[in-house]
Every structure is written in C-alpha cells, then in structure tokens.
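Chain and residue survey
Take a look at the letters that make up each chain.
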Amino acid sequence: MIDTGIWAESPSFKDEGMGEIPKRWKGVCMEGPDFKKSDCNRKLIGARYYNVMHASNGNNTTQMRVDKSPRDTVGHGTHTASIAAGAIVANASYHGLAQGTARGGSPFFRIAAYKVCSEDGCPGSTILKAIDDAVKDGVDIISISIGTSAFLQPDFLKDPIAIGAFHAEQMGVMVVCSGGNEGPDPFTVTNAAPWIFTVAASNIDRGFHSKVLLGNGRIFQGSAINFSNLTRTETYPLAYGKDIAAKYSPIPEARSCYPGSLDPEKVKGKIIVCFDGFPVVSRTIKKLVAEDAKAKGLILINENDESAPFDSGPFPFTEVGTTIGYKILKYIKSNKNPSAIILPTVEIPGIKPAPVVAYFSSRGPSVLTENILKPDIMAPGVAILGAITPKDEEETASDGVKPGGYALESGTSMACPHVTGASALVKSVHPKWTSSMIRSALMTTATVYDNMRKPVTNGSASFATPHEMGVGEISPVKALNPGLVFETTTEDYLRFLCYNGSPEKTIRSMSKTKFKCPTKSSDDLISNINYPSISISKLEKSIGFLTIKRSVTNVGHPNVTYTSTVQAPMGMKVKVIPKKITFLENVKRVSFKVLFDGSEASSGYNFGSITWSAAQYSVRTVFAVNVE
C-alpha cells in the first residue's frame, strides 16, 4: 500500500491465524519515535517511510517538518489498507452506522505499508522510490490510491506513477491505481497507462439518509452522515441563503453559502438552505460557514442530484436534490414563519439500483490516448467502512458516542483497494499468472447489471458507458475461472510507447532494453495492443471495415470450442473472424480479428461488446469506437 502510512494498532491489522512470514520477503519495518519494529507482525509485515515534508503549527507559526515514521497521521492509508486486506473484525461500525463484520477483500493476505504522502501531498520522486522498494522487497501487488489532476497529468514517460508502475510490471508485480475523483466530466481519468489497472468507483446497496421535517408536517429524505442530537420535538426557523445575505453580498454567493456572504446575525439559531453552487467551495467549507455563524443546521441543495454522503459529524446537515430542494424553497416563500428540523442519520439497507457509477468518479477517454479504454473496471467507492487513525475519528466524534476506529469514506481511493483485494484473491488461486492475466480475468468477467437486473446506470439515471465504468463492476469469484485471458506483454507496452510518440532512445533508457520501435508507428496502431478491451479513437465512415487484432490464451478446459456473439450499436457493423475458435491440448493461444464498419453508425462514440462462449465460460470484451 503506497499511501499515507498505517495505524498498526487497528484490529484490521491483527495477525491471528496467520502463518509465518514467507522467506522470500525482504522488506523491513522501519522504526520512528512513535513506531517500533514490534508494531509489525505476521499481517503487517513491512512498513517504510520517506522524508516527506508537511506543514505543522508550532508556537503559532507554520513550520515545515518531516515525520520520520511509517505511522499514518492522515487516515487515508489506514483506510485503504483495511479495504484491500484488512483482517476480519466483528461488530465494527462508524458510530453505530454500517454495523457488522468488517473485512478486507483478502483478509488473510499480508500488507506492507509505504508512507509517501502527508497532508500536503505526495512527491513524485518519493512515489517512484517506494515502488522500486516495494518491488525489491518482494510484494506481489502494489495499490496506489493517488493521482494528479487530469489537466495537469504529464506524459506517460514523465509521470512518476506510470514510470514506477512500468518497472514493477517488468518485474512481474501488478499495479492497481485509482482513476480520479474529477467526474462526471469526460477526459478526467488519470493513471491511464495500459500497464496500470485503473479503477472507477460505484455505490453499494446501502444508503445513509437524514430526514428533513418541515413545520407543515412534510418529510423529505436527504443524504448525509451526521450525528446531530436534534429530535422531532424541536423545530428551528428556516431561511434561504439569499434572504439572509450580508450587506453588499452578491445573491449567487449568498444562495451558495459562499464564505463571507451571509449575515451572522440573521443566520444565528436558524436552519439554513443553500445551493451547492461554486464547485471550488467544498461541502466542508459550506458547513463551516454555517457552523461559524451559529446556524442550527444546513440543508444543501445539490443541483446534480447525486453525490457521496457528506460526513458533517455532530453538526445537523443533509443534502437533497433539486426536486426536493425547490419544494423546501417554495415552503419558505409561502410561509411567514417557516421552520424545520434535521434528524440524525439512519442507515438504509437494500438500496436500488446498485451499483451505480459514482458521480465524482473520473471519466474516460484518457487525454493522453483514446486508443486504450480507460477506466478499466469499477468497484465500490461510496461510503465504504474502513479503519482510520484515532486522531481522525476524534475530529468527527459526537458527544457521548464512543469512537470505534472505523469511518465511512468515499472516492476512487476506496474503489482501488477493492480491486487490489480481488486481484490478490485471483493471484492466490493462480500464483503463476502474470498481472495482465489477472487483470484480464477480472475485466472479462465483470458484470454490467445492477441489483434490479437492469443495465448499470450513472448518477443521472442514464445507462452507464464504458468511459464511466470501464468494462463493468468486479465479480471476483467469477474471475477465478475466466476460461480465456488476454495476455499483454512488456513488448506490447513498449510498442504502445512507440505508437504514442515516445522517442526510441527514451523508451530504451526507461525499459533498460535494446528495443527497436516498429518501422510504422502511429497512434491508431495502439488499438491493436493485446488488451482485454478495444478502443478506437477515430473510425472514418468512408473507409469501410477497420481490422483490429487480438489473441486469447486458454486457461480453462484443454479441449474446448468457443463461439463469438456480438452486441453492436445500431448502424455499426462488427464482424469477428473466425466466429469460432478451438483449443486443443497443444493449442493454448489463438488469434482472431474484429472488423468495424461505421458507415451507417451515429457520429461520436459507439459502445458494444464481443463475447466468447463455451460451456460455463463467458468471456466478454467491451469496445468503444469513435465514428467520424
């Protein structure tokens, strides 16, 4: 886990029932003022830290200092580690919410923590060093819930995560990364190199709702995590932000709880209603604006109708969509003394539909190349229960409720370790499989249906596209027996770099090889890299059929024939040649071609799939084709 370090004392990292540490492990447990060698065990077998500077307050002045310890002071690394491979912990919850047994994706696998981040960020050079150390230490899988902004991301050979991940891949170590939290706009996915397993986030079938009771008896359900002590027996005056604006404040700012825009005297003692405008002003800041002005609560109207539940701690808070929001505003406008109450959060099980693509999850295609489909896959990333640092929970604890060492967090940071745990499960059953085989197994067995047996949707209730969810939601158990896998080799990746325009000299230097770029190198040839999905950035209507090549390796029954079926969008012709492929004892790998003709298809991206079927096997390859 390359992250903010780890809180070793969490029950999620106990080593009960675990055998001796494998002799091949070469890692260390680095000590610090607050971290001893004995903090590691047969579960947490390694812990390293790097000299990462961060700001701290000393004598009322901001100073830069280095924490010389693997201990997690942020909470992020502890949370992600517990999701990936946390031990089984009975009766875990976040102040009584999400109560039950907590366990990681692979609860009996071992963890090594590499602390590369502080509250002030994660230096690229440090991430690169940690990846190299992890590979030398003998890890099997590296999980990185870190990424830069989509609009600042460097080219593949200038990006420390991409460079480090390439070296790890060369050494047979799988790298799983979060895809970013800059959705729902397209071209926001990061960590999109083809040798990285890139993860999008979805919700799960559990919601956290906080009701709003209006003075007229109407009840509305909002989304939130709050531990307010308000009850149905008390109500407070209700006011809309623009009606309680400070003098000379612009109305758009006041209606959005912009800092400094509200009159504290008019806010005091009231529950206030604001819009979630001004994306640069987070929900945390809006909550602080309301709290500092002594408001009794905040109802936030989310114009996008979809977001992860915000944790406001003991402060009464809830978030509603525009339909409910306008009903609340209508009530305020039509009543002389409007009033309301915000009730504490309750857990709602069995939410439908689920999974749904998380609103914040970054979308493809990648700005660096559209000829590899990214993100690759989707996993749970909304309100996920995981271990945290005690400092972390003190800040959000409510009066009289004993903190429990766990918290609910949202982000592709939480989705990434789900896929890490699933990959570790596949690796444990198939120890000789390469990382590309494991990735392929998870991708070709992913599901595209929700718990209503309907196609997965996004936050706007539209069918989700592969640019939003990749190939679909992980189904780890199905991935244990995928039938066929797409093997992507180091040579494939080197050719990818050539096709993408990287100089041959740079590729040789980075890969420490004498590789020669193909004579013909162009961006459109990237689509022929042997990847488990297909993406074509430009298919001209006038050219007729475009041919894409793939090959599959049989990892199932030795004597078997697969038949292909195509699910193509209207107007697009898709042919698979041959339609049937046969594997015998001495035939392990077979090639096939996919021909695309978009002459009668709609302009823009068209999505579909090719499925190879035989007996109990169903191997699905998703395609995204941009018709011009």
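Source: prediction; values computed, not measured. (Residues numbered from 1 in each chain as written. Predicted model: local features only at pLDDT ≥ 70, side-chain atom pairs only at ≥ 80, totals over all residues. Heavy atoms only, no water.)

With an omega dihedral of 0°, the bond running from Ala354 to Pro355 counts as a cis peptide bond. The topology assignment puts Pro355 in the loop between β20 (346–349) and β21 (377–380). At the junction of Gly364 and Pro365, the peptide bond is cis and its omega measures out at -5° in the coordinates. Relative to the helices and strands, Pro365 resides in the loop between β20 and β21. (Helix = DSSP H or I, 4+ residues; strand = E, 2+ residues; numbered from the N terminus.)

What follows deals with the state of the cysteines. One pass over the full model with this rule turns up four disulfides. Disulfide pairing is shown between Cys117 and Cys122; the S-S distance is 2.1 Å. Measuring the twist about the S-S bond at about 110°, one finds the Cys117-Cys122 disulfide to be right-handed. Using a relative accessible area of 29% as the deciding quantity, one classes Cys122 as partly exposed. In the protein, numbering the disulfide-bonded cysteines from first to last in sequence yields the connectivity 1-2, 3-4, 5-6, 7-8. Among the cysteines around Cys177, which has no disulfide bond, Cys416 carries the closest sulfur, lying 6.1 Å off. (Disulfide = S-S within 2.5 Å. Buried < 20%, exposed > 50% of the residue type's maximum accessible area, 1.4 Å probe, protein only.)

It is worth spelling out the UniProt feature "active site" (unreviewed entry) in the protein at this point. Within this structure's numbering, the places UniProt gives as "active site" (unreviewed entry) are Asp3, His76 and Ser413. Spatially, the listed residues are clustered: although they cover 411 residues, their C-alpha atoms lie within 10.0 Å of one another. His76 gets classed as partly exposed once you look at its relative accessible area, which sits at 25%. Discounting chain neighbours no more than four positions away, the residues touching His76 are Asp3, Thr4, Ser145, Ser413 and Met414. Inspection of the secondary structure assignment puts Ser413 in helix α9 (residues 412–429). Taking relative accessible area as the criterion, Ser413 reaches 10% and is therefore assigned buried. Aside from chain neighbours lying at most four places away, what touches Ser413 is His76, Thr80, Ser145 and Ser178. A distance of 2.9 Å separates polar atoms of two side chains, one belonging to Ser413 and the other to His76. (UniProt positions renumbered as here; feature names shortened; annotations may be inferred. Contact = heavy atoms within 4.5 Å. Polar contact = N/O pair within 3.5 Å; in protein donor to acceptor, adjacent residues only side chain to side chain.)

Moving on, we get to the domain arrangement of the protein. Domain annotation of the protein identifies domain 1 (2–52 + 71–203 + 357–395 + 405–445), domain 2 (206–347) and domain 3 (530–627). Summarising the inter-unit geometry, the C-alpha centres of domain 1 and domain 2 are found 35 Å apart. On the domain 2 side, the residues contacting the twelve residues of domain 1 number 13 residues. Taken together, the two surfaces of domain 1 and domain 2 that pack against each other cover about 1100 Å², and 67% of this comes from carbon and sulfur. Run the count over domain 1 and domain 2 and you get zero salt bridges. Counting every contact that joins domain 1 to domain 2 gives two residue pairs in polar contact (both at pLDDT 80 or more). For the side of domain 1 that touches domain 2, the element with the most residues is strand β6 (residues 97–102), which contributes three residues. Tallied by class, residues from the side of domain 1 that touches domain 2 come to nine nonpolar, three polar and no charged. (Domains from an automatic or database assignment. Buried area = accessible area lost by both parts, 1.4 Å probe. Salt bridge = Lys/Arg side-chain N within 4 Å of Asp/Glu carboxyl O. Nonpolar A, V, L, I, M, F, W, Y, C, P; charged D, E, K, R; others polar.)

It is worth spelling out the sheet that holds strand β30 (residues 589–597) at this point. Note: strands within a sheet are paired through backbone hydrogen bonds, in either parallel or antiparallel orientation. An order of β24-β26-β30-β28 is seen for the four strands of this open sheet, with the pairing classed as antiparallel. Sheet topology places β24 (484–485) and β28 (573–577) at the edges, where each strand pairs with a single neighbour. The pairing of β28 with β30 spans five bridges and is antiparallel. The residue of β30 that forms the bridge with Val576 is Val594. (Pairing = 2+ DSSP bridges.)

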